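Geometric and topological summary
The chain contents come next:
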Amino acid sequence: MKYNLPRQVSQLDLTPIIKREIEKQNISLNSLTKKHQGELATIVEVIKTIGLPDYLILHKLPHNLGKGIFLHPDKEPLSRGRLIVPYSGEKEIVPAEYEGGHYAFTPLEKIYLSKEEQFFLNNSLTYKARRSYTLKIDASKKGNFARFVNHSSTPNIEARLCRVPKNSFGLKPTPIEVIYFVSKKILPGQQLLVCYEGEENCYWNEEGVKPFPMNPSTFQLNSHLKIISEN
Ligand SMILES: C[S@@+](CC[C@H](N)C(=O)[O-])C[C@H]1O[C@@H](n2cnc3c(N)ncnc32)[C@H](O)[C@@H]1O
């Protein structure tokens with residue numbers, strides 16, 4: 001698969017700003033258990049080597065919905081709480097008004113920066129003390145299969161904000177990472193779906209379109225790996 005970036009990457013060292021904002025804004029983060037650290041290390045290796053784990057299938061959907069990710073019909077169900085994949089992409093702190101695009105996650109908002117920090121991030125913008133910035137993870141150019149997980153208001157995947165601590169699995173620690181976990185048992189053939197809307201419900205408003213109403217069984221893969229619709 002073309003999208004084989006295991007975890008988020010950044011051109012600049014954003015860690016000091018991110019750590020400060022997490023503390024200042026009192027952002028609550030999930031801490032990864034040893035079990036989750038092991039699952040994260042495993043999926044990182046799979047993405048590096050083959051891109052998509054063998055229990056998942058990337059398949060085109062009808063109704064111009066593009067592609068989606070399905071649990072292989074011959075594999076075991078995925079239990080609630082299982083770590084699936086980190087949302088990877090290019091990590092940047094940008095002015096809040098910058099368009100995120102269809103593949104961007106915004107784990108931190110309302111970041112205010114010093115003159116030095118604004119210059120460090122982009123030396124072609126004039127300094128404005130009141131300019132608000134956001135942290136984006138943009139998977140439009142680089143990413144992994146998480147970028148193909150579609151939206152539902154009745155999802156089976158949950159995006160959790162996590163901190164990856166120092167660990168014995170060879171994983172680089174990060175102050176914040178978006179990680180997809182199973183929130184509702186996923187049965188063979190079902191589609192993996194996450195809700196794109198956070199508290200601000202802005203993804204579909206910005207798009208100006210209504211999402212197609214899908215649940216994990218609306219489209220399923222049969223044993224011949226063909227899409228079947230619920231209706
Ligand atoms: C992160 S991508 C998901 C993967 C996408 N289907 C693809 O093939 O690249 C997000 C885009 O997928 C489409 N999409 C995802 N869920 C949708 C839904 N429930 N209804 C309509 N479009 C959806 C929209 O075009 C959205 O901007």
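A few points on the structure. All figures in this text were calculated on a predicted structure; none of them were measured in a lab.

A separate point is the overall build of the protein chain. Scanning the protein chain from terminus to terminus reveals four helices and 13 strands. Relative to the 2.2 N^0.38 estimate, which gives 17 Å for 231 residues, the radius of gyration of the protein chain is 18 Å and therefore close to what a compact globule would have. Scored against the burial criterion, the 231 residues of the protein chain give a buried share of 45%. When contacts within the protein chain are restricted to residue pairs at least 6 apart in sequence, long-range pairs at least 24 apart make up 75% of them. For the protein chain, the accessible area works out to roughly 12,700 Å², and carbon and sulfur atoms hold 50% of it. For the protein chain, the distance from the average position of its 31 positive side-chain charges to the average position of its 24 negative side-chain charges is 3 Å.

In this structure, Leu-40, Ile-84, Phe-145 and Tyr-180 are the most contacted members of the largest nonpolar core, which totals 35 residues. For this core, the elements supplying multiple residues, two or more each, are helix H2 (34-49), strand E3 (67-71), strand E4 (83-86), strand E9 (157-164) and strand E10 (174-182). Not counting chain neighbours up to four residues away, the residues in contact with Ile-84 comprise Ile-43, Leu-78, Phe-145, Ile-157, Tyr-180, Phe-181, Val-182 and Leu-192. Leu-14, Leu-108, Ile-111 and Leu-135 belong to the second largest nonpolar core, which has twelve residues in total.

With that out of the way, let us pick up the sheet that holds strand E7 (residues 133-138). If you walk across this open sheet you meet the three strands as E5-E7-E6, and the pairing is antiparallel. In this open sheet, the two strands that pair with only one neighbour each are strand E5 (90-95) and strand E6 (104-111). Here the average twist between neighbouring strands, direction ignored, is 20°. Here four bridges tie E6 to E7, and the two strands are oriented antiparallel to one another.

This part is about unusual backbone geometry. Here the phi dihedral of Lys-110 falls at roughly 50°; this positive angle occurs in a residue that is not glycine. Counting through the fold element by element, Lys-110 comes out in strand E6. On the accessibility criterion, Lys-110 (48% relative accessible area) is partly exposed.

Further remarks concern the pairing of E9. Remark: a regular strand shows side chains that alternate across the two faces of the sheet. The pairing of strand E1 (residues 30-31) with E9 spans two bridges and is classified as parallel. Bridging across to E9, Asn-30 finds its partner in Cys-162. Bridging between E9 and E10 involves seven bridges; their strand directions are antiparallel. In the strand pairing of E10, Arg-160 is matched with Ile-179.

All right, on to the packing of aromatic side chains then. Tallied over the entire structure, the rule returns five aromatic pairs. With 5.7 Å between their ring centres and 70° between their planes, Tyr-3 and Phe-148 make a pair best called edge-to-face. One end of the pair, Tyr-3, is in the segment before helix H1 (15-24); the other, Phe-148, is in the loop between E7 and strand E8 (150-151), with 145 residues separating them in the sequence. Look at Tyr-3 and you get buried, because its relative accessible area is 12%. For the cation-ring pair, Arg-147 lies above Tyr-103, with the distance from its terminal atom to the ring centre recorded as 4.0 Å. Sitting above the plane of the Phe-181 ring, Arg-160 keeps its charged end 4.0 Å from the centroid.

Within this structure, the stated rule accounts for nine salt bridges. The salt bridge involving Glu-39 is made with Lys-35; its shortest N-O contact spans 3.5 Å. On the criterion of helical spacing, the pair formed by Glu-39 and Lys-35 is a turn pair, its members being four residues apart in helix H2. Its relative accessible area of 19% is what places Glu-39 among the buried residues.

Take H2 next. Its 16 residues place the ends of H2 23 Å apart at the C-alpha level, agreeing with the 22 Å of an ideal helix rising 1.5 Å per residue. Every buried residue of H2 is accounted for by His-36, Gln-37, Gly-38, Glu-39, Leu-40, Ala-41, Ile-43, Val-44 and Ile-47. Those residues of H2 hidden inside the fold are in contact with E4, E9 and E10. Trailing H2 by a residue or two, Gly-51 shows a phi angle of about 85°, which is positive.

Rules used throughout
Residues numbered from 1 in each chain as written. Predicted model: local features only at pLDDT ≥ 70, side-chain atom pairs only at ≥ 80, totals over all residues. Heavy atoms only, no water. Helix = DSSP H or I, 4+ residues; strand = E, 2+ residues; numbered from the N terminus. Rg over C-alpha atoms; globule rule 2.2 N^0.38 Å. Buried < 20%, exposed > 50% of the residue type's maximum accessible area, 1.4 Å probe, protein only. Contact = heavy atoms within 4.5 Å. Areas by Shrake-Rupley, 256 points an atom, 1.4 Å probe, with all protein chains shown as cover. Lys, Arg positive; Asp, Glu negative; His and termini not counted. Charge placed at Lys NZ, Arg CZ, Asp CG, Glu CD. Core = buried A, V, L, I, M, F, W, Y, C linked by side-chain atoms within 4.5 Å. Pairing = 2+ DSSP bridges. Axes fitted to C-alpha atoms, helices over the stretch in contact; angles between N-to-C directions. Phe/Tyr/Trp six-rings, centres within 6.5 Å; stacked < 30°, edge-to-face > 60°. Lys NZ or Arg CZ within 6 Å of the ring centre and 35° of its normal. Salt bridge = Lys/Arg side-chain N within 4 Å of Asp/Glu carboxyl O. Expected span 1.5 Å × (residues − 1).

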